[in-house]
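Notes for the structure review
Residue strings, one per chain:
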Amino acid sequence: MIPIFKTHIAYFLSSALLLGSPNVFSQEDPQTTHRLDNFIKQSCTTNYKKITSESVQHILKHDVYHITQETKNIYGDKETETHEFIVVDNGREVQPFEKIQMNTPLPKLTNYIREDFILNPESAPHFQVLLDYIYPIAEWKPDKREFFFTNGKWYFLRDAYFRTKQGFEITVDPKGKITHICYKMKWDEPASK
């Protein structure tokens, strides 16, 4: 075997070099950090707005916020790029709501619902309002919203393509307590209105 470290001094120097190398490559120049921070402050603004809707507050356990982040003057462009986020603050951390893809179970959203909330004909319009806040429909899409109850499930229509309804399917127990929420890209025809 070929010894890599022939002496304790070589071992010590090699260890010092390896342990110290991250600092050599990291940015610790306070002036550069200050300039970068100033660039971000001048180019980006972030605003937080608590959603104070009674529907949101009566249905969800936690506070919901709308975050708007604007970036301007990047690469000399005069346009402003805007990103919007809807997040929930559960008291320990802030998280986005689950992203909707094809057929998407939403266990986090299900867990955010208050234990005393009952989904019934009187509360369904409020649940529609909640969905409008946390999963808003894009402005360019036509308004296809409707809701109805059939076969032990609530359906909140959000979109439609070629007569195929898409939206939230919410399973409730016999008392109206929500037990499961999912987003479905296509509802079974017998379930549709």
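We now turn to the structure provided with this report. (Residues numbered from 1 in each chain as written. Predicted model: local features only at pLDDT ≥ 70, side-chain atom pairs only at ≥ 80, totals over all residues. Heavy atoms only, no water.)

**Some thoughts on the pattern of salt bridges**
Here the structure, examined in full by the defined rule, presents six salt bridges. The salt bridge partner of aspartate 132 is arginine 158, with a shortest N-O separation of 2.8 Å. Of this pair, aspartate 132 sits in helix α5 (residues 124-134) while arginine 158 sits in strand β7 (residues 153-161), and the two are 26 residues apart along the sequence. Note that lysine 153 and glutamate 169 form a salt bridge whose closest N and O atoms lie 3.7 Å from each other. Here lysine 153 is found in strand β7, whereas its partner glutamate 169 is found in strand β8 (residues 164-172), with 16 residues between them in sequence. Exposure remark for glutamate 169: the relative accessible area of 7% places this residue in the buried category. One network of salt bridges, with partners in common, ties together Asp132, Arg145 and Arg158. (Salt bridge = Lys/Arg side-chain N within 4 Å of Asp/Glu carboxyl O. Helix = DSSP H or I, 4+ residues; strand = E, 2+ residues; numbered from the N terminus. Buried < 20%, exposed > 50% of the residue type's maximum accessible area, 1.4 Å probe, protein only.)

**Let's talk about the layout of surface pockets**
By volume, the largest pocket is sized at about 780 Å³. Ile86, Ile134, Tyr135, Pro136 and Ile137 are the residues nearest the centre of the largest pocket, which is lined by 26 residues in total. The set of elements that each furnish at least two residues to the lining of the largest pocket consists of β3 (80-89), β7 and β8. Looking at which element gives the most residues to the lining of the largest pocket, the answer is β3, with five residues. Of the voids in this model, the second largest pocket is the one considered here, and its volume is about 150 Å³. Forming the boundary of the second largest pocket are Lys49, Lys50, Ile51, Thr52, Ser53, His66, Ile86, Asp132, Tyr133 and Pro136. Looking at the lining of the second largest pocket, the elements with two or more residues in it are β1 (44-50) and α5. Of the residues contributing to the lining of the second largest pocket, the split by class is four nonpolar, three polar and three charged. (1 Å grid on protein atoms, 1.4 Å probe; cavity = no way out; pocket = protein on both sides within 12 Å on 5 of 7 lines; lining within 4 Å. Points joined across faces, edges and corners; volume = space filled by probe spheres on them. Nonpolar A, V, L, I, M, F, W, Y, C, P; charged D, E, K, R; others polar.)

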